[in-house]
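# Secondary and tertiary structure notes
Residue-level listing of the chains:
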Amino acid sequence: MEKNKVALITGSTSGIGKAIAIQLAKLNYSLIINGARTTQLSEEYNNSLKEIYNDALKNRIIYIQADISKKSERITLVEKVKTRFGRIDVLINNAGIAPPERKDILNASESSFEKVLKVNVQGPYFLTQLVANWMLKLREEIINYNPYIINISSISSFTSSPSRGEYCISKAAMTMMTKLYADRLSEFNIPVYEIQPGIIKTRMTSSVKEKYDHLINEGLTPIKRWGLPEDIAKTVKAIVSGLLPYSTGDIIHIDGGFHLKRL
Ligand SMILES: NC(=O)c1ccc[n+]([C@@H]2O[C@H](COP(=O)([O-])OP(=O)(O)OC[C@H]3O[C@@H](n4cnc5c(N)ncnc54)[C@H](OP(=O)(O)O)[C@@H]3O)[C@@H](O)[C@H]2O)c1
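Cut-offs used in this document
Residues numbered from 1 in each chain as written. Predicted model: local features only at pLDDT ≥ 70, side-chain atom pairs only at ≥ 80, totals over all residues. Heavy atoms only, no water. Pairing = 2+ DSSP bridges. Helix = DSSP H or I, 4+ residues; strand = E, 2+ residues; numbered from the N terminus. Axes fitted to C-alpha atoms, helices over the stretch in contact; angles between N-to-C directions. Contact = heavy atoms within 4.5 Å. Buried < 20%, exposed > 50% of the residue type's maximum accessible area, 1.4 Å probe, protein only. Near = heavy atom within 4 Å. Polar contact = N/O pair within 3.5 Å; in protein donor to acceptor, adjacent residues only side chain to side chain. Nonpolar A, V, L, I, M, F, W, Y, C, P; charged D, E, K, R; others polar. Parallel < 35°, antiparallel > 145°, perpendicular 65-115°, else oblique. Left-handed = near helix turned anticlockwise from the far one by under 90°.

A few words now on the sheet that holds strand E1 (residues 6-9). An order of E3-E2-E1-E4-E5-E6-E7 is seen for the seven strands of this open sheet, with the pairing classed as parallel. In this open sheet, the two edge strands, each paired with only one partner strand, are strand E3 (61-65) and strand E7 (251-254). Looking at each pair of strands side by side, their axes are set apart by 15° on average, direction ignored. Its contacts with the sheet put helix H2 (residues 43-53) on strand E2 (30-35) and E3, and the angle it makes with E2 is roughly 170°.

Written out as structure tokens, the structure is:
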């Protein structure tokens, strides 16, 4: 069994997941990096990781291409982690997609709804089921075992955007998923947290950059700047460092104050 702590970050080939992976590497975790479409990590990404792990890179990281919306790929993903590391300490449910195209709720298609819900909810829901059951066994095998599960949802779980209703529904469902697993796993001392990012500068928001530049400038967020993937990664660091004890099922808003109701 791997002697270092192990973290699986879904959707960590780019954006928020990548920043979380680099942050956890700095905390000396061994990592499973995952994406659906990416076949191998970019040279720039590999170099950033090499700077952290030096010669140990190959022993400390694996990239597993797996579509978390597919049951068979989720099972293979977890089997590969078992074979390679024999343990898991942190699961970050980060992989997610926006609707293939923004479409008014009055015209949006059922196929887009199904696709978004499968990736953003069904995938993490059942991946968590697999990992949580494994964590229960590991609790009996590893001394001082302190596992964490962290869901990356969105301000869309409480904010209406009728041009991407299926995304909002998927994130609202993830918020309930956080509560359900936090409740069920509390007796086993496995805390479950949810981070709700606001408007974060990544590939996902690149097509609406000008719109958000304008809105942020106009005061949409009390803190007048784009969020960065590193803002989310630092929050993950706080959680896995044990800085939020006596807490589970909590939502942490990392949105520049967007969630505040203002007069
Ligand atoms: N950016 C924002 O403003 C924002 C705000 C709130 C919440 N979020 C949430 O934050 C998470 C990360 O988003 P991001 O902005 O960092 O987007 P991103 O840069 O597009 O990254 C998405 C990641 O998810 C992976 N992915 C997509 N579908 C997958 C699947 N079926 N199975 C496994 N991996 C999959 C992608 O990998 P491949 O490309 O290799 O397939 C990529 O690594 C998402 O859940 C998103 O909803 C983002």
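There is more to say, and it comes next.
You can see serine 12 is positioned in the loop between E1 and helix H1 (15-26). Owing to a relative accessible area of 0%, serine 12 belongs among the buried residues under this scheme. Excluding anything up to four places from it in sequence, serine 12 contacts Gly17, Lys18, Ala21, Ile32, Ile33, Asn34 and Tyr45.

Another point: the site of the ligand. Around the ligand there are 32 residues in total, and Thr13, Arg37, Thr38, Tyr167 and Thr202 lie nearest to it. Here an oxygen atom of the ligand and a backbone polar atom of alanine 36 are 3.0 Å apart. Separating an oxygen atom of the ligand from a side-chain N or O atom of tyrosine 167 is a distance of 2.6 Å. Contributions of two or more residues to the shell around the ligand are made by H1, E2 and helix H6 (165-185). Per-class residue counts for the shell around the ligand are 13 nonpolar, 15 polar and four charged.

This brings us to the packing of H1 against helix H8 (residues 229-240). Direction vectors running N to C along H1 and H8 enclose 45°, while the axes themselves pass 8 Å from each other. One finds that H1 runs oblique with respect to H8. You can see that H1 and H8 cross each other, and the crossing is right-handed. Between H1 and H8, the contacting residues are Gly15, Ile16, Ala19, Ile20, Gln23 and Leu24 on the first element and Pro229, Glu230, Ile232, Ala233, Lys234, Val236, Lys237 and Val240 on the second.

Moving on, we come to the packing of helix H5 (residues 110-141) against H6. Between H5 and H6, the least distance of the axes is 9 Å, while the angle of their chain directions is 15°. The pairing of H5 with H6 is recorded here as roughly parallel in orientation. The two elements H5 and H6 meet at a crossing, and its hand is right-handed. Contacts between H5 and H6 pair Ser112, Phe113, Val116, Leu117, Asn120, Val121, Pro124, Tyr125, Thr128, Gln129 and Ala132 from the former with Glu166, Tyr167, Ile169, Ser170, Lys171, Ala173, Met174, Met177, Leu180, Tyr181 and Leu185 from the latter. When grouped by side-chain class, the residues that make up the contact of H5 with H6 number 15 nonpolar, five polar and two charged.

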